[in-house]
Amino acid sequence: MSGSLSITSALADSALLDLPWHLPLDAWPNESIASLPKGISRHLVRFAHLSGHVVAIKETTAEMAKREYDMLRRLQNLEIPCVEPVAFITNRSDEDLDPLNSVLVTRHLKFSLPYRALYSHTLRPDTATRLVDALAVLLVRVHMIGFFWGDVSLSNTLFRRDAGAFAAYLVDAETGQLYSGGLSNGQRENDLEIARVNIAGELMDLEAGGRVADELDPIRVSNGIVAAYRLLWKELTSSESFASSERWRIAERVERLNHLGFDIEELSIKTDDAGTKVRIQPKVVDSGHHQRRLLRLTGLDAEENQARRLLNDLDSYRAAYGEPDSDEEMVAHEWLVRVFEPVVRAIPVDLRGKLERAEVFHQLLDHRWFMAQNQSRDIPLAEAVTSYVQDVLRHRRDEATVIDPPTGSITMPISVIGGATPDEDWKLKV
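Cut-offs used in this document
- Residues numbered from 1 in each chain as written.
- Predicted model: local features only at pLDDT ≥ 70, side-chain atom pairs only at ≥ 80, totals over all residues.
- Heavy atoms only, no water.
- Helix = DSSP H or I, 4+ residues; strand = E, 2+ residues; numbered from the N terminus.
- Buried < 20%, exposed > 50% of the residue type's maximum accessible area, 1.4 Å probe, protein only.
- Contact = heavy atoms within 4.5 Å.
- Areas by Shrake-Rupley, 256 points an atom, 1.4 Å probe, with all protein chains shown as cover.
- Pairing = 2+ DSSP bridges.
- Axes fitted to C-alpha atoms, helices over the stretch in contact; angles between N-to-C directions.
- Phe/Tyr/Trp six-rings, centres within 6.5 Å; stacked < 30°, edge-to-face > 60°.
- Lys NZ or Arg CZ within 6 Å of the ring centre and 35° of its normal.
- Salt bridge = Lys/Arg side-chain N within 4 Å of Asp/Glu carboxyl O.
- Expected span 1.5 Å × (residues − 1).
- Polar contact = N/O pair within 3.5 Å; in protein donor to acceptor, adjacent residues only side chain to side chain.

Under an unreviewed UniProt entry, the name given to the chain is DUF4032 domain-containing protein, and the source organism is Cryobacterium melibiosiphilum.

1. Notes on the overall build of the chain
When helices and strands are tallied, the chain shows 10 helices and 13 strands. In the chain, which comprises 430 residues, the proportion classed as buried is 47%. Once local pairs closer than 6 in sequence are excluded, the contacts in the chain between residues at least 24 apart make up 65%. When the accessible surface of the chain is split by element, carbon and sulfur atoms take 50% of a total near 21,300 Å².

2. Details of the sheet that holds strand 3 (residues 53-60)
Strand order across the open sheet formed by 5 strands is 1-4-5-3-2, with antiparallel pairing between neighbours. With partners counted over all chains shown, the strands left at the sheet margins are strand 1 (6-9) and strand 2 (45-50), one partner each. If you compare each strand with its neighbour and ignore which way they point, the axes differ by 25° on average. Strand direction decides the pairing type here: strand 3 and strand 5 (residues 102-107), joined by 6 bridges, are antiparallel. From the neighbouring strand, alanine 56 faces strand 5, where its bridge partner is threonine 106. Those strands touched by helix 1 (residues 62-77) are strand 1, strand 3, strand 4 (84-90) and strand 5, and its axis lies near 160° from that of strand 4.

3. Here's the deal with the side chain of histidine 367
As for its placement among the helices and strands, histidine 367 is situated in helix 9 (residues 357-375). For histidine 367, a relative accessible area of 16% gives the class buried.

4. Comments concerning unusual backbone geometry
Non-glycine residue leucine 97 carries a positive phi angle of around 65°. The topology assignment puts leucine 97 in the loop between strand 4 and strand 5. Residue classification places leucine 97 among the exposed positions, given a relative accessible area of 58%. Even without glycine at this site, phenylalanine 111 takes up a positive phi of about 65°. Within the secondary structure layout, phenylalanine 111 lies in the loop between strand 5 and strand 6 (112-113). Judged by its relative accessible area of 11%, phenylalanine 111 is buried.

5. Re the packing of aromatic side chains
Applying the stated rule across the entire model yields 8 aromatic pairs. An angle of 70° between the planes, with centres 5.2 Å apart, marks the rings of tryptophan 21 and tryptophan 28 as edge-to-face. Note on tryptophan 21: relative accessible area 1%, which makes it buried. Within the aromatic cluster, the residues linked to one another by ring pairs are Trp335, Phe340 and Phe361. When the ring centre of tryptophan 233 is taken as reference, the NZ or CZ atom of arginine 188 above it lies at 4.1 Å.

6. Details of the pattern of salt bridges
Taken as a whole and assessed by the stated rule, the structure comprises 24 salt bridges. The partner of aspartate 70 in a salt bridge is lysine 66, and the shortest N-O contact between them spans 2.8 Å. With a gap of 4 residues between them, aspartate 70 and lysine 66 both fall in helix 1, about one helical turn apart. Given a relative accessible area of 41%, lysine 66 falls into the partly exposed group. In this structure, the salt-bridge partner of arginine 196 is glutamate 193, at a minimum N-O distance of 2.7 Å. In this pair, arginine 196 and glutamate 193 both sit in helix 3 (residues 185-208), 3 residues apart, roughly one turn of the helix.

7. Structural notes on helix 4 (residues 218-237)
Between its first and last C-alpha atoms helix 4 spans 29 Å; for 20 residues at 1.5 Å apiece the expected length is 28 Å, and the two agree. Of all the residues in helix 4, the buried ones are Pro218, Val221, Ser222, Ile225, Val226, Tyr229, Leu232, Trp233, Glu235 and Leu236. Capping of helix 4 at its N-terminal end is provided by aspartate 217; its side-chain oxygen lies 3.1 Å from the backbone amide nitrogen of isoleucine 219.

Structure representation (structure tokens):
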């Protein structure tokens, strides 16, 4: 390194000093670079290895690097899905002391891909629609905390598979601004229009390159984010009036919000002077209802749709083997040890970079269901795992870039719920 390099980082990682900051980013040696698919960016972005992880490095100005680093940290504290800021580095210079661009360093989001890497040859309409729907959910989430994005697009978003859908993560926050008083309708509509125009342009670009299916209409898909956004925004924020005899609609509204993945922290309920009308207004909503329940019961951290699917399997297990007054936490622990973990351990080591664990389990459940439909019989879990690994998972490309080293596990006897004996093969029953 040359000159007075300045590194600001929330992580105490001395390995940052080992990267070749004295070289322009486009001249970094291959041994420092990680080969990963990346989206379109107005700045030069490259991936590098850092302490067993992969980081994204973006060249920009010192002011923009610091601003985006601070903004990403604030969004993280507000639990918005976004990339993790690692550091911003200024005062770079080469060996001749000529100045180099400042950089922003963020941690690469494992098992995530830019939208251009989420299809093999051509982008199908249903895949494009699911990407846009995921982006609509993300846009609603950032607007609810008062964040104006300013450059909403598929290119500025990373996507993770989420039980047949996608979960969207904000990548580029350099144009964003947080407003403590929330956003006006005009600001929200401005962001929404930016999203619609950018998505249409991105899909038209793919269309010009022959990378979309013939039946995909870029304008229709891009208009879809407007409809999806407004429907979700209305469900989360609008008030609702009904007769006092229809109080069941309060629970129904809560259930609808939970199904969308949001939990209500506060609900305002008012009656009129005659006491015949009830008006409900969700005041504070937070996403991740199913994520939090799964994390509380099992310690598994999954995307929202994945969590819903795993909880459905857990609830089915409880119905089949649990007693009516069975403790939910105890059943969840047994399901985790007897169902989820054995499936994960059954995946060959060389295939564990294909998908994250929760997505593998979700896809296995789908695969087992299709096998049962095709063969008109119950499929033991062990048979389904073997078929899924050989016929599906082995043919997927890797979506992880860094796999944590395998760790040992401690096994212990389990008290079986519902009268089953330890000698019975759980794989034939679940």
